[in-house]
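# Chain and residue survey
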Amino acid sequence: SEGLSPEALARLTGNFAIGHVRYSTAGGSLERNAQPLMVFNTPLGELAIAHNGNIPGFQELRRSYQKQGALFYTESDTEVLMVAIVQALQKRAGESRLSAEVFAQGLIQALSPIQGTYSLVLLTRDFLAAVRDPAGVRPLMLGRVGAGRVIASETNAFDLIGATTEREIRAGEVLVIPRKGKPQSYTLRPWAKAIPACGLPCVFELVYFARPDSQVFGNDVYQSRREMGRRLAQEQPVVGADCVVAVPDSASVQALGFAERLGLPLEAGLIRSHYIGRTFIAPRQSIRDFAVRLKYNPVRSLL
């Protein structure tokens, strides 16, 4: 795969784009499941979608759409969302095809009944859209770079391109950004009345998923993780410990807070190879064991 090499970027034209770097959850790590997914024949022309989240029971939804004649080319739950959106837009085919209002209402019609977690970015020739489910489980941020708008799962992506963070996409919000004109915000009909106004953000974003140099859910990830370490030391102090060792890079910041609260030295007892990629949730224990041996090595003199 070329990825985002300079040569690949040089072949791209235009000033609207979406991308996706999430590991696969629904469906295997196959090229056909790679996102963004794209469909060509919609009332808005070409439509691309990228999704962070999970749709429980999407196989049942998929079978329901197949009975209606829909064709599927991936095993991804994202494709079910795409089919729902395309069908909703087709029902509105007699309306103005260039209207942000029509686009937003199509998204609302398609997504409101679906229970699951979805932070979405969608792209047509005229519109960029961002959607968070009514629970706001996964983060989605809005930023600005010059006169342009940018959307990302966490704010460290903005730092890379010199963008400034404006705000979080709200839980249950549909934000449509036209190629020309101001962004327009709409609201999904909630599918769960018990969800509080602040949403139900996934704590694992703060514990592990997000980078420490990011802001998600209105929280500084670095400070949140450091406070987690302090609280852990307060609730579960280790009597007679000699030092604190982090398992890099997942627990490095928490280990700082843990060592600080207990007044213990923080040591580098494990050395991580920077040439090994992420090994999160490998499919078999034998693979996980091998990945650990490749990725970490103890400082034996310290131990």
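The model shown is predicted, which means the values in this text are computed figures rather than measured ones. (Residues numbered from 1 in each chain as written. Predicted model: local features only at pLDDT ≥ 70, side-chain atom pairs only at ≥ 80, totals over all residues. Heavy atoms only, no water.)

Moving on: unusual backbone geometry. Looking along the chain, the bond that leaves Pro248 and enters Asp249 is cis, with omega of -5 degrees. Within the secondary structure, Asp249 is located in the loop between strand 12 (244-245) and helix 8 (252-262). Of note, the phi angle at Phe217 is positive, near 55 degrees, even though the residue is not glycine. Structurally, Phe217 is set in the loop between strand 10 (215-216) and strand 11 (219-220). Here Phe217 falls in the buried class, since its relative accessible area comes to 14%. (Helix = DSSP H or I, 4+ residues; strand = E, 2+ residues; numbered from the N terminus. Buried < 20%, exposed > 50% of the residue type's maximum accessible area, 1.4 Å probe, protein only.)

In a beta sheet, neighbouring strands pair by backbone hydrogen bonds and run either parallel or antiparallel. Ordered in space as 1-2-3-4-8-9, the six strands form an open sheet in which the pairing is antiparallel. Of all the strands in the sheet, the pair left with one neighbour each is strand 1 (37-39) and strand 9 (184-187). Pairs of neighbouring strands in the sheet enclose a mean axial angle of 20 degrees, with direction left out of account. When strand 2 (residues 47-54) meets strand 3 (residues 117-123), the two strands line up antiparallel, connected through seven bridges. In the strand pairing of strand 3, Ile49 is matched with Leu122. Each of strand 1, strand 2 and strand 3 touches helix 3 (residues 77-91); the most contacted strand, strand 2, lies at about 130 degrees to it. (Pairing = 2+ DSSP bridges. Axes fitted to C-alpha atoms, helices over the stretch in contact; angles between N-to-C directions. Contact = heavy atoms within 4.5 Å.)

Moving on, we get to the environment of Pro43. Position of Pro43 among the secondary structure elements: in the loop between strand 1 and strand 2. Of the residues examined, Pro43 reaches a relative accessible area of 15% and is grouped as buried. Separated by 60 residues in the primary sequence, Pro43 and Phe103 have C-alpha atoms spaced 9.5 Å apart.

Moving on, we come to the confidence of the model for the protein. Of the residues in the protein, 88% reach a pLDDT of 70 or more, and the chain-wide mean stands at 85. Put simply, helix 1 (residues 6-10) is where the protein has its lowest mean pLDDT, 81, and helix 7 (residues 221-235) is where it has its highest, 97. (pLDDT = per-residue confidence, 0-100.)

Attention now moves to the packing of helix 7 against helix 8. Interaxial distance between helix 7 and helix 8 falls to 6 Å at its minimum, and their mutual angle equals 45 degrees. Looking at the two axes, helix 7 sits oblique to helix 8. Between helix 7 and helix 8 lies a crossing of right-handed hand. Here helix 7 contributes Tyr222, Arg225, Arg226, Met228, Gly229, Arg230, Leu232, Ala233 and Gln234 to the contact with helix 8, which in turn contributes Val253, Gln254, Leu256, Gly257, Phe258, Glu260, Arg261 and Leu262. Class assignment of the residues belonging to the contact of helix 7 with helix 8 gives a composition of eight nonpolar, four polar and five charged. (Parallel < 35°, antiparallel > 145°, perpendicular 65-115°, else oblique. Left-handed = near helix turned anticlockwise from the far one by under 90°. Nonpolar A, V, L, I, M, F, W, Y, C, P; charged D, E, K, R; others polar.)

Looking now at the packing of helix 2 (residues 58-67) against helix 3. Two elements in contact, helix 2 and helix 3, have axes whose closest approach is 9 Å; the angle formed by their N-to-C orientations is 40 degrees. In terms of orientation, helix 2 lies oblique with respect to helix 3. By crossing handedness, the relation of helix 2 to helix 3 is classed as left-handed. Along its contact with helix 2, which presents Phe58, Leu61, Arg62 and Tyr65, the element helix 3 presents Asp77, Glu79, Val80, Val83, Ala84 and Gln87. A per-class count over the contact of helix 2 with helix 3 returns six nonpolar, one polar and three charged.

Evaluated as defined, the whole model comprises four aromatic pairs. Taking the centre distance of 5.1 Å and the plane angle of 85 degrees together, the rings of Phe204 and Phe209 count as edge-to-face. A cation over a ring is seen here: Arg179 above Phe16, with NZ or CZ 4.5 Å from the ring centre. (Phe/Tyr/Trp six-rings, centres within 6.5 Å; stacked < 30°, edge-to-face > 60°. Lys NZ or Arg CZ within 6 Å of the ring centre and 35° of its normal.)

Counting residues in each nonpolar core, the largest one holds 36 residues, and the members touching the most others are Phe103 and Leu122. Those elements that provide at least two residues to this core are strand 2, helix 2, helix 3, helix 4 (100-111), strand 3, strand 4 (127-132) and strand 8 (173-178). For this core, the element with the most residues is helix 3, which contributes nine residues. In contact with Leu122, other than residues within four places in its own chain, are Ile18, Leu47, Ala48, Ile49, Ile85, Phe103, Leu107, Phe127, Leu128, Ala129 and Val131. (Core = buried A, V, L, I, M, F, W, Y, C linked by side-chain atoms within 4.5 Å.)

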